[in-house]
Structures are given as C-alpha cells and as structure tokens.
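So you can see what is in the structure, the chains are spelled out below.
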Amino acid sequence: MKKINIIVPCYNEQDCILPFYTTVSNVVEEIRDYEFSYLFVNDGSKDKTLKIIKELSESHNEVHYISFSRNFGKESAMYAGLEYADGDFVVLMDVDLQDDPKILPQMVEAMEEGYDCCATRRMDRKGEPVIRSCFAKCFYKLMNHFTEVEIVDGARDYRMMTRQMVDAILSVNERVRFSKGIFAWVGFDYKWLEYINIERQNGQTKWSFWSLLQYALSGIIAFSTAPLKWMMGLGGGISLVSLMFLLYKILKTAIIGVDVPGYASLVVLICFFGGIHLFAIGLVGLYLGNVYSESKQRPVYILKETDIKDK
Ligand code: UDP
Ligand code: MG
C-alpha cells in the first residue's frame, strides 16, 4: 500500500486539532489502497496544542508529532514536516479546516494520473479585509512580472506532492524560506484545483496586515533582483534630467545673465534626492540582510521533542 503523510503545522491551535483530526479521518477512510498518517508540527505553541497532539498520538498509531523549542513560523514548520515525511506522497494542510479535506480524494486521483503535484487555489477572498485583498493582488502582479517563478494568484500551501518533488524542495536549502516561491521554482507537473474560500472554523489567524506585508517583501527580495535594477534605472533617469537642466541653466545664464537664486526649489530638490538615496540604501540593505542571514547558516528550526524514533 502506498503511504501518504499529512503534514499539519500548528501554532496555538488547541481548539482546532480534534475537529481537524475527526473531519480528515472521515474523508481518508473512504480512500482505498492508501495508508494515511498524520504529522503534526507544534510550532512553539503556548496553549494546550502539544498536550492535545500528544494524547492523540498515544491513542492513534497513525498520528505522529514533532515539536519545536519556540515559534519559528509556518515556513519552518512546513520544512520540518517535509524533512520528517517518509510517504510516497506528502500533503500539507492547515489545521483550521480552511483547507477543505473533501478535496483529498481528487488530489489522490490527480497523483494517480501522473501529476507531480496537485495544488489548490482559492477563487475568491471572501471574509478578508478589502485592503488586504488589494495588497495581495498587487503582490501577485509584481511577483509574476519581475521574477522568474510564476506564483499563481490565490495559491494555497495545501498541496499533495510526490516524494521526488519533496526531495527537490528540501534540496533548496535557503534559511530565509519563501515556500510559495520555492514550490514554483522547483517546477514539475501541476494540477490546480480551484475552490471557494472557506473561513476559519476555530481560533484566529496568525497573520496581521504588517506581517503579511513583510512576508510579501521577503518573497520579492528572495526571488528577484528587479527592485535593484529599478533603482539603477531611476538613478540614471534623474541624472539625465539633471544634466539637461544643467545645460539649460548654462545657456540661460550665458544669454540672459545670472538668475535670482531659488531657495525653495533647492530645499525641495535636496529633500527629494536625500529621500531617494535613503530608499536606495535601504533596498540594498534588505538584500544584504538576506545575504547576512544566509551566511550565518542557522538551522531552520530547533527540535525539542518528537515520537518519531528513526530519523
Ligand atoms: N502556523 C504555524 N506557525 C505560525 C503561524 C501559523 O505553524 O507561526 C500554522 C497555523 O497553526 C495554521 C497554518 O499555519 O495551521 C495557517 O495559519 P493561519 O490560519 O493563521 O493563516 P491564514 O489561513 O490566515 O493564512
Ligand atoms: Mg487559516
């Protein structure tokens, strides 16, 4: 029988674990010829998440867990899960039931058809603040325009992958991980399933507007050097305009004579260029920061405990 690992990152999700397990178990029971197992990744939760996962694991052989020493973020939790997975197929799922388990049979079917990955994308952004949706749309446009990878708008992390694709993802050993980009970067044959957004069943989202904005920025920095090129272009453009202005001034002075000095325009120009310089330095700093983080070679997560023995 083929094995499928369900990887479930959890951070402060005490109310979601049991409903998730019950709902998903009911669905996978119906899928014949496959043996499903669960790998809950406790990402440094401060509530009873770990306790509930441990109890579940003690009473069910197919439930396993790994637990971090602190909160490392969902990216790290997914990475750890993929590292520990040993199945023929691996599926990533959120514990809040926003990733509809009813799609699992369709995913298995797609994998049987020979796809390397069956991924999901939501067709709408129901229940999301308008401003967040606008930013998300802009982000996907920017990302797809300026990077070599194509990130599908609304793509979720909810996806089933072959062992080969999981190994490829793990071979990308960046410390600052932007999985949406890495999934796209490794390539392989995709089947996309589309579905209507489901709102969170219990608990609350871990993403604030600012954390999402930072995440988006880190994605652009990780997958594109285009912003550096825009800055060069902008700098070149401003220099050219300044040069033309200088020529105009020289000619004007030669023909008409010396002008009355313009204090206000001078101040505005100084502030404008000061701002652009700081912005450009900040941008270069972001890239440098990434290089710095990567060069430290810190592990993506620190494991505190697990019930998996042979790893
Ligand atoms: N999550 C995690 N570590 C974090 C934040 C979130 O493991 O630091 C998990 C969380 O428990 C959930 C999944 O990642 O299973 C998605 O989180 P959330 O529902 O908050 O994100 P959203 O669906 O709002 O994008
Ligand atoms: Mg969610």
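What counts and how
- Residues numbered from 1 in each chain as written.
- Chains lettered and ligands numbered in written order.
- Predicted model: local features only at pLDDT ≥ 70, side-chain atom pairs only at ≥ 80, totals over all residues.
- Heavy atoms only, no water.
- Near = heavy atom within 4 Å.
- Polar contact = N/O pair within 3.5 Å; in protein donor to acceptor, adjacent residues only side chain to side chain.
- Areas by Shrake-Rupley, 256 points an atom, 1.4 Å probe, with all protein chains shown as cover.
- 1 Å grid on protein atoms, 1.4 Å probe; cavity = no way out; pocket = protein on both sides within 12 Å on 5 of 7 lines; lining within 4 Å.
- Points joined across faces, edges and corners; volume = space filled by probe spheres on them.
- Helix = DSSP H or I, 4+ residues; strand = E, 2+ residues; numbered from the N terminus.
- Nonpolar A, V, L, I, M, F, W, Y, C, P; charged D, E, K, R; others polar.
- Phe/Tyr/Trp six-rings, centres within 6.5 Å; stacked < 30°, edge-to-face > 60°.
- Buried < 20%, exposed > 50% of the residue type's maximum accessible area, 1.4 Å probe, protein only.
- Lys NZ or Arg CZ within 6 Å of the ring centre and 35° of its normal.
- Core = buried A, V, L, I, M, F, W, Y, C linked by side-chain atoms within 4.5 Å.
- Contact = heavy atoms within 4.5 Å.

Draft legend 1. View of the site of ligand 1. If you check the shell around ligand 1, you find 16 residues, and the closest are E13, D43, D96, T205 and K206. One of the backbone N or O atoms of V95 is found 3.2 Å from an oxygen atom in ligand 1. Within the side chain of D96, an N or O atom sits 2.7 Å from an oxygen atom of ligand 1. Burial of ligand 1 by the protein chains amounts to 88% of its free accessible area of 540 Å².

Draft legend 2. Just empty space enclosed by the protein, in detail. Under the defined criterion, the tally for this structure stands at 2 cavities of 30 Å³ or more. Each pocket or cavity is described by its volume, and for the largest cavity that value is around 40 Å³. Along its surface, the largest cavity is lined by E75, M78, Y79, L82, I169, R177, S179 and F183. Here the element with the most residues in the lining of the largest cavity is helix 3 (residues 74-84); it accounts for 4 residues. Of the residues that constitute the lining of the largest cavity, the class distribution is 5 nonpolar, 1 polar and 2 charged. By volume, the second largest cavity is sized at about 30 Å³. Along its surface, the second largest cavity is lined by L142, M143, F146, T147, I220, S224, P227 and W230. When residues of the lining of the second largest cavity are traced back to their parent elements, those giving at least two are helix 5 (130-146) and helix 9 (226-255). Among the elements that line the lining of the second largest cavity, the one with the most residues is helix 5, at 3 residues. Residue composition of the lining of the second largest cavity, by class: 6 nonpolar, 2 polar and no charged.

Draft legend 3. Spatial organisation of the packing of aromatic side chains. The full count for this structure, using the stated rule, is 17 aromatic pairs. Aromatic side chains W207 and Y215 sit 5.1 Å apart centroid to centroid with 55 degrees between the ring planes, which places their arrangement in the tilted category. Judged by relative accessible area, W207 falls into the partly exposed class, the value being 34%. The exposure class assigned to Y215 is buried, which follows from its relative accessible area of 17%. An aromatic cluster of at least three residues, connected via ring pairs, comprises F139, Y140, F178, W207, Y215 and F223. Against the face of F72 rests R70, its NZ or CZ located 3.9 Å from the ring centre.

Draft legend 4. Spatial organisation of the nonpolar core. In this structure, I7, L82, M161, I169 and Y301 are the most contacted members of the largest nonpolar core, which totals 39 residues. Here this core takes 6 residues from helix 3, the largest share from any one element. Residues contacting L82, with those up to four places away along its chain left out, are I7, V90, L92, M161, R163, V166, I169 and L170. By size, the runner-up hydrophobic cluster in this structure holds 38 residues, among which are C10, I17, V95 and M111.

Draft legend 5. Focus on the environment of C16. With respect to the helices and strands, C16 occurs in the loop between strand 1 (2-10) and helix 1 (17-29). On the accessibility criterion, C16 (2% relative accessible area) is buried. Along the sequence, C16 and G219 sit 203 residues apart, while their C-alpha atoms lie 28 Å from each other. Setting aside its immediate chain neighbours within four residues, C16 contacts V95, D96, R200 and N202.

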